[in-house]
Amino acid sequence: MALRFEVLGRFNRARAAQLTLPHFACQTPLFMPVGTQGTIKGLTTDQLEEIGCQIILGNTYHLALRPTSELIDELGGLHKFMNWPRALLTDSGGFQMVSLLHLADITEKGVTFQSPVDGKPMLLTPEESIQIQNRIGADIIMALDDVVRTTITGPRIEEAMYRTLRWVDRCIAAHKRPHEQNLFGIVQGGLDPVLRDICVRGLVDRNLPGYAIGGLAGGEDKDSFWRVVAQCTAALPEDKPRYVMGVGYPLDIVVCSALGADMYDCVYPTRTARFGTALVPEGVLKLKHNAMVNDTRPIDPTCACMVCKNYTRAYIHCLVTKDAMGSQLLSYHNLYYMLQLSRNLHSSIVEGRFVCDFLQKMFPKGDVPEWVCNAMDVAGIDISSCCSS
Amino acid sequence: MKFAVKALSSGKARAGVVHLGSCPSSIETPCLLLSTRKGLPIFISPDLLSSLPSPDSNLLQFSPLHLEGASSTLVSSGREVSKRCVNIGQEARWGDTTPNFDSSEGPSPKTISSIGGLHQMVGLHEYGFAAVARDSIQCLPECGSTNKTGASFETPCGRRLIKPVEYMEMITSMKPNLWATLADEVPAWANNKRNKTSVDRTVKWLDECIARSPLLLKLVGRGGQNRVRVNPIGFRVVRAGGAVFGSIVGGSNIEERKRCAQEVAVRNVSGYWIGGFGLGESMEERPSLLNAVTDNLPKDWPRMICGLGLPEEVLQGVAAGVDLFDSAYIYHLTIGGFALTFPLDRTEKIDYNYQLSDQGSDRTKINLRATVYRKDATPIVEDCCCYTCQNHTKAYINHLLNVHEMLAQILLEIHNTHHYLGFFRSIREAIKEGCFEQFQKKFVQSRREHLAADVVSV
């Protein structure tokens, strides 16, 4: 165990905490930008520090291909390689299995898939995944899990859940740096509460430093999504961090935080920036749209980031999708928005107010979606002031 | 804008100082104008700009053509049509007036005015902008389509014909610190007739631009634009409209160059923009063409040039008495994955430690895509104090280039700009010490020696 997790404030199930990792002391709830290939697209480490980024996600699959984990290790680990002084998390490479499924063959041994670089077969075993992650050197590493899409039904889900538990043991055995890197287990089980429960218990028995809720954010309906999160957070230990993988949209983060989750990651803010979409309290703003041509307002007048303080929608409009600078400026704003959201969640939980502000801005007409209302019910948060019905 | 020559070396090379209203400090010349796209550097985001040496890095080049205004006209198959520039990759839709489609149009001149001009629009209040229609990276003069009504350019949005009235509308709304009048530039191989026409046209457009400039209407009053200046020293131009730089062309014809320079020299302008270079003339013929221009210009006014990008070309410009340079060199290096490494140290030691990794390089720059850098944990240049060298290694940049990450270009543009600004600093020092000619000779010679040595060693 190489972390400390201290809850500083609560609001029913929601928690604001300090997560102290070897490289940085983070405040939760937190959002992790995804730096797939050892960089957040278009931003420097200085800028990331400037906007308050605490922890970045690196992708084991991609880094193992290029520049290889051995090279990263030889050059002193990923922190040193990319010159990022704060915290890092690497995933196991497992998600790529789902994305590249038509090329993958999953057996008890591990996952074989074709390298997209040279077509050679690659075998990713739990042991190999951990070894790669040991070489990369992130503060948090993820156990290799057997990930199954939530849109699939049938015995495959149960098979994957049990296999995930067996693989966790292999990951634990292979982990060479438990005092510097925290191995998180991932709860699988699809949308089946029985399977999810078995998985949670199994992982909790292994007494890991932290737990992730996996297999979601893959196209399931929102109603199923929040119920799985609610069930898992209710059953996972109070005194350890909970990470909902692949989440996500600001609204989803707010709901999951209300239900007691602490950590999130998603490519959405940076990816949508490259398509010209900005995140704003009301939802999204499509900068590419013709209506922006002569709009001299900032993207978000309430945002304190460098982009909103200096630039008009009109100017950003003429940059987006055409110039690298457009991607950079929008990514900067979008990440700032997500990190500010995290900071607001943390402080509002500590101060005992929460959620309503956010929902009122996003749904000024009071048309809060039903799944959100249901989730808040379970979370014990009264949002009647935000709902028109 | 204020300008003064402070030192001369070898007759014509001069070190000077330019002061622009928006910049807190004076900028020493000869100096480099940083290339921008739509007012911001191509890759370096505005918050990282401040990591470059100041005030050297405070002067930015800008082409108004980058911002496609709603009033732009497009030439196609001989017809002039009004058109909105739509996304690259989309078919142009003629006469499209649908209100709700995705576009990448620039804000209209009216909008830019309401924002407060270029400085406000791009959030660089303490920087100086020099506006020139031609931009050696994206807006290339296309003399075949230029006609008596306007100058034609190849741009990312297609071929554009820009008339003096449209150009001045953009200049007026953008309020750059200084701007060049619209010019008709021809390549070095243009025939005499075409070349002569370009000179006549450029001078005519100069007069038109000045006539439409809000600034000079106030200063000139009655008497027209051909009034001869009687007292140039201490003549101050301080207005939001910006200082006018008269454009001088003439192709590769010495007589035409002289004629154009003489015509422009009697115009009421605050400086001179020398066009038509970097369009096919050879290194050998260039000095006499440059001198044909600068010999006929008053000494007290700044000279700006476009199209002299490489170090040797810059030196030619300095030798002829040019003060301000914009260059596409940094851009091309950056997108090619190259980093400048030539020594800036002017002390006698000629050679630095030869490394295995210098094999294949021309000692000017390194190609960071090369596999030899995969594990190189050293900065691009030891002792370089740019953001890139202080924070990152060759190995990391090599990786970024391999995986096609934008951060590679950002880091390279920072380093290359920093390094090239250092080159300009060396030039200024050599001029101030009175040994510019030596400096130029030594620089050119050592580059030739390296190339010769490489040929032999292969």
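Residues numbered from 1 in each chain as written. Chains lettered and ligands numbered in written order. Predicted model: local features only at pLDDT ≥ 70, side-chain atom pairs only at ≥ 80, totals over all residues. Heavy atoms only, no water.

With an unreviewed UniProt entry as reference, chain B is termed Queuine tRNA-ribosyltransferase accessory subunit 2, source organism Citrus sinensis.

Per an unreviewed UniProt entry, the recorded name for chain A is Queuine tRNA-ribosyltransferase catalytic subunit 1, and the organism is Citrus sinensis.

How should the sheet that holds strand β3 (residues 25-28) of chain A be read in this particular structure?
Strands pair in a sheet through their backbones, by hydrogen bonds, and they do so in one of two ways: parallel or antiparallel. All names here are of chain A. With antiparallel pairing, three strands are arranged side by side in an open sheet as β1-β2-β3. Of all the strands in the sheet, just β1 (4-11) and β3 have a single pairing partner and so form its edges. Neighbouring strand axes in the sheet, compared pairwise and without regard to direction, differ in orientation by 15° on average. In this sheet, strand β2 (residues 14-20) lies alongside β1 in antiparallel orientation, the contact comprising seven bridges. Considered in β2, the bridge of F11 is made with A14. Here helix α14 (residues 324-350) sits on the sheet in contact with β1, β2 and β3, set at roughly 115° to β2. (Pairing = 2+ DSSP bridges. Helix = DSSP H or I, 4+ residues; strand = E, 2+ residues; numbered from the N terminus. Axes fitted to C-alpha atoms, helices over the stretch in contact; angles between N-to-C directions. Contact = heavy atoms within 4.5 Å.)

Is there a simple way to think about helix α10 (residues 329-336) of chain B in this case?
Three- or four-residue spacings in an α-helix give side chains the same orientation, since the helix completes a turn every 3.6 residues. All names here are of chain B. Listed as buried for α10 are Y329, I330, Y331, L333 and T334. Contact partners of the buried residues in α10: β4 (31-33), β5 (36-37), α9 (311-319), β19 (338-340), β20 (365-367) and α13 (406-432). In the segment just after α10, G337 is the residue with positive phi, at about 85°. (Buried < 20%, exposed > 50% of the residue type's maximum accessible area, 1.4 Å probe, protein only.)

What should I look at first to understand the sheet that holds strand β15 (residues 243-248) of chain B in this one?
Residues and elements named next belong to chain B. Ordered by their spatial adjacency, eight strands build an open sheet running β4-β18-β17-β16-β15-β14-β10-β7, and the pairing between neighbours is parallel. Pairing within the sheet leaves two strands with one partner each, and these edge strands are β4 and β7 (59-62). Each adjacent strand pair in this sheet contributes to an overall mean axis angle of 25°, direction not counted. One ladder, built from three bridges, connects strand β14 (residues 178-180) with β15; its direction is parallel. Across the sheet, residue W179 finds its bridge partner in β15, namely V244. Where helix α7 (residues 254-265) meets the sheet, it contacts β15 and β16 (271-274), and its direction lies at approximately 155° from that of β15.

Looking at this model, I keep getting lost on the pattern of salt bridges. Mind explaining?
Opposite charge on two side chains permits pairing when their charged atoms draw close. For the structure shown, the criterion picks out 47 salt bridges over all chains. One salt bridge connects D56(B) with R425(B), and the closest N-O pair in it is separated by 3.4 Å. Highlighted residues: D56(B) in the loop between α1 (46-49) and β7 and R425(B) in helix α13, separated in sequence by 369 residues. Under the relative-accessibility criterion, D56(B) is labelled buried at 14%. Through salt bridges with shared partners, a single ionic network connects E108(A), D146(A), R156(A), E159(A), R163(A) and R166(A). (Salt bridge = Lys/Arg side-chain N within 4 Å of Asp/Glu carboxyl O.)

Would you mind showing me how to read the nonpolar core here?
Buried together is how nonpolar side chains tend to be arranged in soluble globular proteins. By size, the foremost hydrophobic cluster in this structure holds 247 residues, and its most contacted members are I299(A), I383(A), Y420(B) and F423(B). Among the elements that take part in this core, α13(B) stands out by supplying 13 residues, more than any other. Ignoring sequence-local partners within four residues, the contact set of I383(A) consists of V355(A), C356(A), L359(A), V368(A), C373(A) and M376(A). In this structure, A17(A), M32(A), I55(A) and M245(A) belong to the second largest nonpolar core, which totals 21 residues. (Core = buried A, V, L, I, M, F, W, Y, C linked by side-chain atoms within 4.5 Å.)

I'm lost on the interface of chain A and chain B in this one. Help?
It is common to give the size of an interface as the accessible area lost on bringing the parts into contact. Facing the 45 residues of chain A at the interface are 53 residues of chain B. Of the roughly 4100 Å² buried between chain A and chain B, counting both surfaces, carbon and sulfur atoms make up 54%. Among the residues of chain A in contact with chain B, N290(A), Y315(A) and K322(A) are the three that bury the most area, contributing 16% of the side total. For the pair chain A and chain B, the number of links is four salt bridges. Viewed at the interface, chain B and chain A are joined by 20 residue pairs in polar contact (both at pLDDT 80 or more). Broken down by secondary-structure element, the contributors of at least two residues to the side of chain A that touches chain B are α1 (45-50), α3 (69-74), α4 (78-82), α12 (306-310), α13 (313-319) and α14 of chain A. Along the lines of polarity and charge, the residues of the side of chain A that touches chain B split into 19 nonpolar, 19 polar and seven charged. (Buried area = accessible area lost by both parts, 1.4 Å probe. Polar contact = N/O pair within 3.5 Å; in protein donor to acceptor, adjacent residues only side chain to side chain. Nonpolar A, V, L, I, M, F, W, Y, C, P; charged D, E, K, R; others polar.)

When you look at the side chain of T393(B) in this model, what are you seeing that I'm missing?
Residue and element names in this part refer to chain B. One can find T393 in the loop between α11 (387-391) and α12 (394-402). Within the structure, T393 has its side chain in polar contact with the backbone nitrogen of Y396 (distance 3.1 Å). The contacts of T393, once residues within four sequence positions are left out, are D376, A377, T378 and P379.

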